[in-house]
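# Architecture and fold: a report
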Amino acid sequence: MTLLLKDVTKRFGKHTAVDQLSLEIPESEMFGFLGGNGAGKTTTFRMILGLLDSTSGDITWNGEPINYDKSHLIGYLPEERGLYPKLKVREQIIYLGRLRGMKKNDIVTELEGWLERFKVPEYMDKKVEELSKGNQQKIQFISAVIHRPKLLILDEPFSGLDPINVEMLKQAVLDIKAQGTSIVFSSHQMEHVEELCEHLCILQKGKPVVYGALGEIKRSFGKKNLIIHADIPLEFLRDYPGVLHLKKVTAGCELQIENEAVSQGIFAALQGKGFIRKFDLAEPSLNDIFIEKVGAAYE
Amino acid sequence: MNKFWIVLSHTYFTRVKSKAFIITTLITLLVIFAAVNIQQIIDTFSSGEKDKIAVIDTTDQIFAPLKENAENIDDDLELVAVSSSESEVKEAVQDKEYEALVILSLNDEDLPEGTYYANNITNSGVQQVIEEQLQQLKVGIAIEHAGIDQEVIESIYDPVAFHAVALDKTAKTNEELNQARGIIYVMVILMYIVVIIYGTMIINAVATEKSSRVMELLISSAPPVTHMFAKIFGVALLGLTQIGILILAGYAMIALKKDELAGGMLETFGILNTPVSLIIYSIVFFLLGYILYATIAAMLGSLVSRSEDAQQLIMPLIFLIMIGYFIAIFGLAAPESTLVTVSSYIPFFSPMLMLLRIGMLDIPIWQVAISIGILIVTIVILALLGARVYRGGVLMYGKSNSLKDVKKAFQLSKKE
């Protein structure tokens, strides 16, 4: 069950929201979708769901176009959370679950399980407007997964949650993935994508600027991070050949260097100058890559 | 179960259980109950005492016939002859012992005249009754003085014989016209009320789903068109339930009091003897009219982002139905006017006006067919357009709610 986007373009009048986007999202994988505000993530999701028609290009799932006959196989957590404020959680989920083709009894059983899991069984007969924003989001998440979809689209699933709830939701997402569901999710928080996704795509003004497997992306980025904690002044490293960027921190500095080899020169240059607590060569974070790629496109 | 039915039943059941629905239904039932029992209610609240009018008759001949005539006309009136002095009686009036004082006398020509004293003369009812009766007595006495024969007088006052006969064999008789007027009047008012109440309900229902942002979730599970029509028919079913309850309750209450009400409201409106064909046309036009207005309402509702803004968008809908309503009221008196004829083909007005023409005139079936045809075509076009606007509109959030948004929503649902 592979989700395939081929040369998908979406124009709103003169504005091009998504430009020639091609993606392949394999079965039971987690695919991260990154991009600044207005990069075209939500528009892409809406096209995958059939809420918007693409101007050109094809979107297929398992070789077939996605339409309302398949809506029972698809789960969606919209970026703008929305539930009926006046309805009780039970009525709410029953209605949404039935629209996804489930039977009432199955919905209640599943719902009980989920509320138990999220440690909020007492919310069953509460109105949504009485719940806190974070708890509403749990209900929203349940509405997206209650029918055990094969394709799950999560638009900013972790925004607005406290760290404990983020962990709870992450674990749930991982479990759903383990059951064979393909998951596409977007986020502004790079660490979530880094932690959960095998493949990712960074979107900039509707175009993919980075696309591929996480490890591969990091390797091909080339640049490395070097963290040095020392008791001596490190300012002079700013002009050292191969150092691209120096950021001072309390205990020392963090450098971005052109490649691994530069670190060895720096190591030698620091020898005998004083006490060095930490000398750590690290992979670039997704954050670095994002800032560099998206930032470059801004310039 | 089909998604259409899931949305429809959800729309129906969440509303039928809502406090607002139960309360409005109960209040309307109370109003019906009050209307049916209005006589008893008035009787309960009125004191039952008669208005006593003191009369000083200086002529000694007018009091007796005046008392008889005035009390015949108004049951609540009691005329009492008093012999006390004028000032004493005036005091008695001020002490509320009497409602008023009437002094009767004869003028120079021997004709009766009167003066009416009361604490205030705002309550003109009693005053008018007495004045009219005195006038009649005066006419009688004047005629007597003139020496005209009673038979001559009677023939003068006899109403003229005047019959209206329609030469066209198929034209409606007067009786038929009255019946038709009754049901048309009821249908026009019903249409007006239903469009305003349930049109507003649809706009609000869609706007609420949009403003709570649940809409995106809904239309990712069910097609917008299905969703829109399920809403329209769900609300229609709700309306039928409400109207059904009211009609049943109203019927039950009327049946209980049939004897008192016979010849009253029901016969005036001629509902009991209405021809079946007119009832069928009424239902057809009513349903088509509802669907037309409901489709527009759903489309408009999909354009607002906040439910507060929905109020503004209801206005064009209300204007349309009001124009139709006023043309219909005008048309009841002049069904053959060009305005009514033309309007009976305009889809927004035809549910009211073609029905009016069918009831009041004898029009060929093909004209009815054309009118219904135009109406159905309009509904289909609006439904297709509405579904497009709905699809784009529900994804559209922003401040403005003008008709420009229709275009914007339309574009959003297109490929580019």
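As a convention, each chain's residues are numbered from 1 in the sequence order in which they are written. All chains are assigned letters beginning at A, and all ligands numbers beginning at 1, according to the order in which they are written. Selection of residues for local features in this predicted model requires a pLDDT of at least 70, selection of side-chain atom pairs for listing and counting requires 80 or more, and totals for whole chains, interfaces and linings are taken over all residues.

Turning our attention to the domain arrangement of chain A. Once the domains are mapped, chain A shows domain 1 (3-218) and domain 2 (223-283). Per the annotation, domain bounds derive from an automatic or database assignment of domains. Spacing between the C-alpha centres of domain 1 of chain A and domain 2 of chain A amounts to 41 Å.

What follows concerns the sheet that holds strand β5 (residues 64-65) of chain A. All names here are of chain A. DSSP bridges decide pairing: two strands pair if at least two such bridges lie between them. Strands are runs of DSSP state E lasting at least 2 residues, helices are runs of H or I lasting at least 4, and numbering of each runs from the N terminus. Strand order in this open sheet of four strands is β2-β1-β4-β5, and the pairing throughout is antiparallel. The open sheet is flanked by β2 (15-25) and β5, the only strands paired with a single partner. Sheet topology places strand β4 (residues 56-61) next to β5; two bridges connect them, and they run antiparallel. Across the sheet, T60 pairs through a bridge with P65, a residue of β5. Once C-beta atoms have been placed from the backbone, residue pairs whose C-beta atoms lie within 7 Å are recorded as contacts. For helices, the fitted axis covers only the stretch in contact; all axes are lines through C-alpha atoms, and the angles between them, taken along N-to-C directions, range from 0 to 180 degrees. The strands that helix α1 (residues 41-49) touches are β1 (3-12), β2 and β4; relative to β2, the one it contacts most, it runs at about 65°.

Now for the pairing of strand β3 (residues 30-35) of chain A. All names here are of chain A. Within β3, six of the six residues are buried, which leaves it mostly tucked inside the rest of the structure. Think of it as a crowd count around each C-beta: if 20 or more other C-beta atoms lie within 10 Å the residue is buried, if 12 or fewer it is exposed, and in between it is partly exposed, with C-beta placed from the backbone throughout. Here β3 shows no split at all, with M30, G32 and L34 on one side and F31, F33 and G35 on the other all buried. Both β3 and strand β8 (residues 182-186) contribute to a ladder of four bridges, which runs parallel. Within β8, the position partnered with F31 by the bridge is V184. Here β3 pairs with strand β9 (residues 199-204) via five bridges, running parallel. Note on β9: the bridge partner recorded for G32 is L200.

Another aspect to go through is the interface of chain A and chain B. Counting residues at the interface gives 22 residues for chain A and 19 residues for chain B. Three categories are distinguished: nonpolar for Ala, Val, Leu, Ile, Met, Phe, Trp, Tyr, Cys and Pro, charged for Asp, Glu, Lys and Arg, and polar for the others, with Gly belonging to the last. For the side of chain A that touches chain B, a count of residues per class yields 11 nonpolar, five polar and six charged.

This brings us to the confidence of the model for chain B. All names here are of chain B. Confidence of the predictor at the level of single residues is given by pLDDT, which spans 0 to 100. For chain B, per-residue confidence averages 80 on the pLDDT scale, and residues scoring 70 or more make up 87% of the total. Per-element mean pLDDT across chain B ranges from 50 in helix α12 (residues 265-269) up to 89 in helix α1 (residues 3-16). Reported confidence for the predicted complex is 0.77 by ipTM and 0.73 by pTM.

Here the focus is the packing of α1(B) against helix α10 (residues 224-256) of chain B. Residue and element names in this part refer to chain B. Running from N to C, α1 and α10 point in directions that differ by 40°, and their axes come no closer than 8 Å. Viewed along their axes, α1 and α10 adopt a mutual orientation that is oblique. Of the two possible hands of crossing, α1 and α10 adopt the one that is right-handed. From α1, K3, F4, V7, L8, T11, Y12, R15 and V16 reach across to α10, where they touch T226, H227, A230, K231, F233, G234, V235, L237, L238 and T241. For the contact of α1 with α10, a count of residues per class yields 10 nonpolar, five polar and three charged. In what follows, roughly perpendicular refers to angles from 65 to 115 degrees, roughly parallel to angles under 35, roughly antiparallel to angles over 145, and oblique to any angle outside these ranges. Here a crossing is taken to be left-handed if its near helix is turned anticlockwise relative to the far helix by less than a right angle, and right-handed if that turn runs clockwise.

Before going further, it helps to spend a moment on the packing of helix α8 (residues 174-211) of chain B against helix α13 (residues 276-301) of chain B. Residue and element names in this part refer to chain B. Running from N to C, α8 and α13 cross one another at 25°; their axes reach a closest spacing of 9 Å. With respect to their mutual orientation, α8 and α13 come out roughly parallel. When you trace α8 past α13, the crossing you get is right-handed.

The subject of this paragraph is the sheet that holds strand β4 (residues 112-118) of chain B. All names here are of chain B. An order of β2-β1-β3-β4 is seen for the four strands of this open sheet, with the pairing classed as mixed. Where the open sheet ends on each side, the last strands, each with one partner, are β2 (77-81) and β4. Strand-to-strand, the axes of this sheet are offset by a mean angle of 25°, without reference to chain direction. In terms of strand pairing, strand β1 (residues 51-57) meets strand β3 (residues 100-106) through five bridges, oriented parallel. When the sheet's bridge partners are listed, A54 is paired in β3 with L101. On the sheet, helix α4 (residues 63-73) packs against β1, β2 and β3 and is oriented at approximately 170° with respect to β2.

Here we come to unusual backbone geometry. A positive phi angle, close to 45°, is found at R148(A), a residue other than glycine. As for its position among the elements, R148(A) is in the loop between α4 (133-145) and β7 (151-155). By the C-beta count within 10 Å, which is 17 here, R148(A) ends up partly exposed. Even without a glycine there, the phi angle at K96(B) is positive, about 65°. With respect to the helices and strands, the residue K96(B) is situated in the loop between α5 (86-94) and β3. Note on K96(B): 9 C-beta atoms within 10 Å, which makes it exposed.

Structurally, the position occupied by G324(B) is in helix α14 (residues 307-333). Sequence separation of G324(B) and A222(B) is 102 residues, and the distance between their C-alpha atoms is 35 Å.

Our focus in this paragraph is the pairing of strand β13 (residues 252-257) of chain A. Residue and element names in this part refer to chain A. Inspection of the sheet shows strand β11 (residues 224-230) paired to β13 by six bridges, in the antiparallel sense. Counted as the bridge partner of N225 is Q256 from β13. Note: strand β12 (residues 243-249) against β13, six bridges, orientation antiparallel. Note that in β13 the partner of K247 across the bridge is E254. The turn linking β12 back onto β13 is made up of two residues.

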